Amino acid sequence: MWLGWSLCATTVARSNMCMGCIMGYGKVMTVCLLGAEGTLVTVETSVVKAAANGDSARFLMSGLPDSVVSQSQTRIRSAIANSSLHLPEQVTSVNFAPASVPTRGSAVDLAVAVSILTASDVIPDGPLTDSVLLAELGLDGSLRGVPGVLPALSAARDSGVRTAIVSPANAAEAALIDGLRIVAPDTLTELVSWLHGKCDLPPPSPAEEDRRDQGPDLSDLRGQQRERTALELAAAGGHNLFLIGPPGSGKTMLAERLPALLPPLSRSEAVEVTSLHSLREAHDGSRVRLIQRPPFQAPHHSSTMQSLLGGGHREIGPGALSLAHRGVLFLDEAPEWKREVLDGLREPLESGEVVLHRAHNIVRFPARALLVLAANPCPCAAARPMDCTCAPGKRRRYLAKLSRPLLDRIDLHLEVRPPSPAALLDEQPTAEATAVAARRVAEAREAARHRWSTAGERWACNADVPPSRLRSTTWRLPASVTRELNSLLRHERLTPRGYDRALKLAWTIGDLAGKERPQADDVATACEYRVGVRGGAL
């Protein structure tokens, strides 16, 4: 005898009398993450009541579950039993489809439990139409938070899902996804009551905005006007920055003040950035905050390739570069980093994403971060050049740890000079605040955005513009304007990539000055920042 469950719903159950055994079938939807990309996975369950002939209760899984998923049967059996949802002794077969999609982590616990209860005719399927379930189960039947809810539910919504059932720890985070109805029961018992229409579950409040202050202010810096200008250029055009100078000259202070110059994140950008951090955060019940300001990441120089770029053995997560997406990645003491780790940044700096190849999968993480490298001039890190005890060869080898291909991807090369004693001892400093400089940066970015949008493009800043566009008839600068830059290229002081990047920097210099197009002096300034020289006679 077939029970009337709808085959088009996300949960389907039916039972049949056959050879003395009760058979049932149920299925629900969950989401499995591969990096930051989510895939809808169907959790389908078939149950057969143990017959009187001695068949024992068994729990079988098929698909590609990892060890955490395979061990979930202990959590699920205990959660069902401690929720007073007694099931007969039965043979339970759980399949994850598509079977080619790896199923990882404890986020599928709730979906497996609900599919079993549906197949056993314990709960109805109506409220679960167009729904996904994402939560870990405690042995007592409580729902626990899991990482990666934001990217998982973004993928679910894009696939047509309209309801998400998550734990209370993930409720505020899930509420950030527009177009989804969020249900967050405390326990499995409460979920079953809600599915039977015996209780109401109020919608959760969205995650709080991150209202922390914007960080250190530029007014803390005394003097160093050239360094301030370099920060504005980096923020206005999205240009990478290399700071070299003795200890105490202010390299770290400059880098820490760069994120506040960048424009605040839009709603979609904030959700995107928060999603990446969601993959790394541990959920302990604290409220998730929507990241609305450009993030700042400053990993230690002993960091590994995996911690910088992302990866992992069991679950592949983002590294510091992706966690700095749409913000700033600051690598201090750059020559002390392992060269192969730093060189791993070369491709992501060009493409704006980290691509990790595994045996059976390719994982992608967005990585449009503004890179800031900082280094001392030599290993002894003398405060003054005359105090340096390093031989010339030792100094060269020290800085040679930074490969030329990596430095070629950095637009602004700046020697940081310590502030003068007069500037430090001034009792009434007149240093400009971050808010003033940030307005100039915003105006320059808007000028660039308007220029490129008028041309039918959607580039956010000059650093994103393909070199071929700047060489096109519409945007090519006259030879009289690019004379010094052309001379650097002819004398092989610049690579073709360096030439293109210096040209983009010149456009940003012009935008900050309020010009429609860069002039010869803007190109000359870009050359100076690029190679530390001014003039074409090389």
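All figures in this text were calculated on a predicted structure; none of them were measured in a lab.

What follows concerns the overall build of the protein. Each helix and strand counted, the protein has 21 helices and 21 strands in total. The buried share among the 538 residues of the protein stands at 51%. In the protein, 72% of the contacts between residues at least 6 apart in sequence involve partners at least 24 apart. Accessible surface for the protein amounts to roughly 24,500 Å². Of this, 51% is attributable to carbon and sulfur atoms.

Attention shifts here to helix α19 (residues 483-490). Looking only at α19, the buried set comprises E484, L485, N486, S487 and L488. Against the buried residues of α19 lie α20 (496-512) and α21 (520-531).

In this section: the sheet that holds strand β10 (residues 181-183). One open sheet accounts for three strands, arranged β6-β9-β10; its pairing is parallel. Of all the strands in the sheet, the pair left with one neighbour each is β6 (131-134) and β10. Direction aside, neighbouring strands of the sheet carry axes that sit 20 degrees apart on average. Here strand β9 (residues 163-166) pairs with β10 via three bridges, running parallel. The residue bridging A164 from the neighbouring strand is I182, located in β10.

Looking now at the pattern of salt bridges. One pass over the full model with this rule turns up 28 salt bridges. Note that D178 is salt-bridged to R267, the shortest N-O span being 3.6 Å. Taken together, the residues D178 in the loop between α5 (168-174) and β10 and R267 in helix α9 (residues 267-280) connect sequence positions 89 residues apart. Close ionic contact of R226 with E528 constitutes a salt bridge, the shortest N to O distance being 3.9 Å. On the criterion of sequence distance, the pair formed by R226 in helix α7 (residues 225-237) and E528 in helix α21 is long-range, its members being 302 residues apart.

Evaluated as defined, the whole model comprises zero disulfides. Not part of a disulfide, C388 finds its nearest cysteine sulfur in C378, a span of 3.5 Å. Looking at C388, the relative accessible area reads 21%, which means it is partly exposed.

Among the structural elements, P294 can be located in the loop between β13 (289-290) and β14 (296-297). Look at P294 and you get buried, because its relative accessible area is 11%. When the C-alpha positions of P294 and L261 are compared, they lie 9.3 Å apart, and in sequence the two are 33 residues distant. Other than its neighbours up to four places away in sequence, P294 contacts P259, L262, P263, P264, L265, R326 and G327.

With that settled, the discussion passes to the confidence of the model for the protein. In the predicted model, the protein carries a mean pLDDT of 86, and 90% of its residues have values of at least 70. The low-confidence segment residues 1-20 (pLDDT under 50) makes 55 contacts with residues lying over four places distant or belonging to another chain. Scored below 50 in pLDDT, residues 533-538 makes 17 contacts in the model with residues more than four places away or belonging to other chains.

Here strand β19 (residues 362-366) shows a clear split, with V363 and F365 buried on one side and none of I362, R364 and P366 buried on the other. Where strand β18 (residues 353-357) meets β19, five bridges bridge the pair, whose relative direction is antiparallel. When the sheet's bridge partners are listed, H357 is paired in β19 with I362. Counting the residues between successive antiparallel strands, the hairpin from β18 to β19 contains four residues.

We now examine the packing of α7 against helix α17 (residues 434-454). For the pair α7 and α17, the least separation of the axes is 8 Å and the interaxial angle reads 40 degrees. One way to sum up the angle between α7 and α17 is to call them oblique. For the crossing formed where α7 meets α17, the hand is right-handed. Residue-level contacts link E232, A235 and A236 of α7 to A437, R440, V441, A444 and R445 of α17. When grouped by side-chain class, the residues that make up the contact of α7 with α17 number five nonpolar, no polar and three charged.

Now for the sheet that holds strand β21 (residues 412-415). Read from one edge of the open sheet, five strands run β14-β17-β20-β12-β21, paired in parallel fashion. This sheet does not close on itself; its edge strands, each paired only once, are β14 and β21.

On to the environment of E209. Examined against the element boundaries, E209 turns out to sit in strand β11 (residues 208-209). With 84 residues separating them along the chain, E209 and R293 place their C-alpha atoms 10.0 Å apart.

Next up on the list: helix α4 (residues 149-158). Most of α4 sits out of view: eight of its ten residues are buried. For α4, the full list of buried residues reads V149, L150, P151, A152, L153, S154, A155 and A156. Of the residues trailing α4, G160 is marked for its positive phi of about 100 degrees.

Taken as a class, soluble globular proteins show a tendency for nonpolar side chains to be buried jointly. Grouped together as the largest cluster of nonpolar side chains are 49 residues, with contacts concentrated most on L258, L261, V372 and L485. The greatest single-element share of this core, amounting to seven residues, is contributed by α20. Contact partners of V372, with chain neighbours within four places excluded, come to L241, L243, A255, L258, V328, L329, F330 and L331. In terms of nonpolar packing, the next biggest core, distinct from the first, is built from 35 residues, V41, V43, V114 and L117 among them.

The next thing to look at is unusual backbone geometry. Following A97, the chain continues into P98 via a peptide bond in cis, with omega recorded as 0 degrees. Position of P98 relative to the elements: it lies in the loop between β5 (90-97) and α3 (109-119). At A381, a position not held by glycine, the phi torsion is positive, near 55 degrees. Relative to the elements of secondary structure, A381 occurs in the loop between β20 (370-375) and α14 (392-399). Judged by relative accessible area, which is 23%, A381 ranks as partly exposed.

Further remarks concern the packing of aromatic side chains. To describe a pair of aromatic rings, you give the distance between the ring centres and the angle between the ring planes. Taken as a whole, this structure holds five aromatic pairs when the rule is applied. Ring centres of F296 and F330 lie 6.2 Å apart, and the angle between their planes is 25 degrees; this geometry places the pair in the stacked category. Here F330 lies in strand β17 (residues 328-331) and F296 lies in strand β14, a separation of 34 residues in the sequence. In this structure F330 comes out as buried when scored by relative accessible area, which is 3%. Where W475 meets W507, the ring centres are 6.0 Å apart and the plane angle is 80 degrees; that geometry is what we call edge-to-face. Taken together, the positions of W475 in the loop between α18 (467-470) and α19 and W507 in helix α20 put the pair 32 residues apart, joining distant regions of the chain.

Calculation notes
- Residues numbered from 1 in each chain as written.
- Predicted model: local features only at pLDDT ≥ 70, side-chain atom pairs only at ≥ 80, totals over all residues.
- Heavy atoms only, no water.
- Helix = DSSP H or I, 4+ residues; strand = E, 2+ residues; numbered from the N terminus.
- Buried < 20%, exposed > 50% of the residue type's maximum accessible area, 1.4 Å probe, protein only.
- Contact = heavy atoms within 4.5 Å.
- Areas by Shrake-Rupley, 256 points an atom, 1.4 Å probe, with all protein chains shown as cover.
- Pairing = 2+ DSSP bridges.
- Axes fitted to C-alpha atoms, helices over the stretch in contact; angles between N-to-C directions.
- Salt bridge = Lys/Arg side-chain N within 4 Å of Asp/Glu carboxyl O.
- Disulfide = S-S within 2.5 Å.
- pLDDT = per-residue confidence, 0-100.
- Parallel < 35°, antiparallel > 145°, perpendicular 65-115°, else oblique.
- Left-handed = near helix turned anticlockwise from the far one by under 90°.
- Nonpolar A, V, L, I, M, F, W, Y, C, P; charged D, E, K, R; others polar.
- Core = buried A, V, L, I, M, F, W, Y, C linked by side-chain atoms within 4.5 Å.
- Phe/Tyr/Trp six-rings, centres within 6.5 Å; stacked < 30°, edge-to-face > 60°.

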